[in-house]
Amino acid sequence: MDKSLPPRRPLVLASASPRRLALLQQIGIEPTALLPTDLDETPRRNEAPRALASRLALEKAFAARDVASKRDDLADSLILAGDTVVCVGRRILPKCEIREEAQDCLRLLSGRAHRVFTGIALCTSNGKTRERVVESRLRFKRLSGREVEMYLATDEWRGKAGGYAIQGQAAMFVARLIGSYSGVVGLPLYETAALLVGEGYPVLGGRFGDSG
Ligand SMILES: Cc1cn([C@H]2C[C@H](O)[C@@H](COP(=O)(O)OP(=O)(O)OP(=O)(O)O)O2)c(=O)[nH]c1=O
């Protein structure tokens, strides 16, 4: 029996996030190209968190597809994008760039439940698109003023939705997580693999999802 893997189509990861790349590599997938997009990620008025995660994942995928369509080496490629939104109720927390923003987020998250929605979109050069939104529910322990200060000093919150990164020291704040850990980090791997397999992309040599 030929054990070699079937040839893979080019795969574009529409992301500048080193975490999304690392998550993809964790399941043995090396994208052919990284095409980060530069979108305005501001929520629309009254836009629900789930809808925002879905819209931005799709917009990132479409923007990268436009770029990929001009490159011969990316002909017939699959384009993968993701977007992570953290919210408390319907309130969407910012992707924190300044300390005060992160401080506000941590004070809000302290001792409470919140949700993380991660949208993923996979589109093909001929216009076919699949998307999913994966929801995770988390609860943070109550954070003392000192814990907030110490965490802010780590700088790990920078560029992170909700002002924390579960893959870093904030892991010790997470009393409970129901959902997808990889989704919270930025790319839900079960659902990503399923979307790729649905497009015929060989994951685990094409055996992922086989029932036999
Ligand atoms: C909640 C949480 C978010 N994050 C990150 C994931 C995302 O990178 C970021 C949310 O911003 P996103 O807009 O989803 O992603 P990004 O701007 O970093 O990358 P790109 O759009 O180029 O793909 O927050 C963590 O790394 N850990 C966490 O625990």
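Because the structure is a prediction, the values reported are computed rather than measured.

This paragraph deals with a positive patch on the surface. Where like charges cluster on the molecular surface, the positive patch consists of R91, R112, R139 and R176. Tracing the backbone through its elements, the reader meets R176 in strand β7 (residues 174-178). Using a relative accessible area of 52% as the deciding quantity, one classes R176 as exposed.

Bringing the pattern of salt bridges into the picture now. Within this structure, the stated rule accounts for 17 salt bridges. Across the pair K95 and E41 runs a salt bridge whose closest N-O atoms are separated by 3.3 Å. With a gap of 54 residues between them, K95 in the loop between β4 (91-92) and α3 (99-109) and E41 in the loop between β2 (33-34) and α2 (49-68) connect regions that are remote in the sequence. You can call K95 partly exposed: its relative accessible area is 42%.

Below, the discussion takes up the UniProt feature "site: Important for substrate specificity" (unreviewed entry) in the protein. Under the UniProt annotation, the feature "site: Important for substrate specificity" (unreviewed entry) is placed at R19, T84 and Q167. The largest pairwise C-alpha distance within this set of annotated residues, which runs over 149 residues, is 14.1 Å, so the set is compact in three dimensions. As for its position among the elements, T84 is in strand β3 (residues 78-88). Here T84 is in contact with R20, V116, F117, T118, A161, G183, V184 and G186, once residues within four sequence places are set aside. Among the polar contacts listed, one links the side chain of T84 to the side chain of R20, at a separation of 3.1 Å. As for its placement among the helices and strands, Q167 is situated in the loop between α4 (145-154) and β7. Excluding residues within four positions of it along the chain, Q167 makes contact with R19, K160, Y181 and V185.

Here we take up the packing of aromatic side chains. By the definition in use, this model includes 3 aromatic pairs. With a centroid separation of 5.5 Å and an interplanar angle of 70 degrees, the aromatic rings of Y151 and F173 are classed as edge-to-face. In this pair, Y151 sits in helix α4 while F173 sits in the loop between α4 and β7, placing the two residues 22 residues apart along the sequence. Take Y151 and F173: they sit in the same class, and that class is buried.

What counts, and at which threshold
Residues numbered from 1 in each chain as written. Predicted model: local features only at pLDDT ≥ 70, side-chain atom pairs only at ≥ 80, totals over all residues. Heavy atoms only, no water. Patch = residues over 30% accessible without salt bridge, like charges linked within 9 Å, V, L, I, M, F, W, Y side chains within 5 Å. Areas by Shrake-Rupley, 256 points an atom, 1.4 Å probe, with all protein chains shown as cover. Salt bridge = Lys/Arg side-chain N within 4 Å of Asp/Glu carboxyl O. Lys, Arg positive; Asp, Glu negative; His and termini not counted. Charge placed at Lys NZ, Arg CZ, Asp CG, Glu CD. Helix = DSSP H or I, 4+ residues; strand = E, 2+ residues; numbered from the N terminus. Buried < 20%, exposed > 50% of the residue type's maximum accessible area, 1.4 Å probe, protein only. UniProt positions renumbered as here; feature names shortened; annotations may be inferred. Contact = heavy atoms within 4.5 Å. Polar contact = N/O pair within 3.5 Å; in protein donor to acceptor, adjacent residues only side chain to side chain. Phe/Tyr/Trp six-rings, centres within 6.5 Å; stacked < 30°, edge-to-face > 60°.

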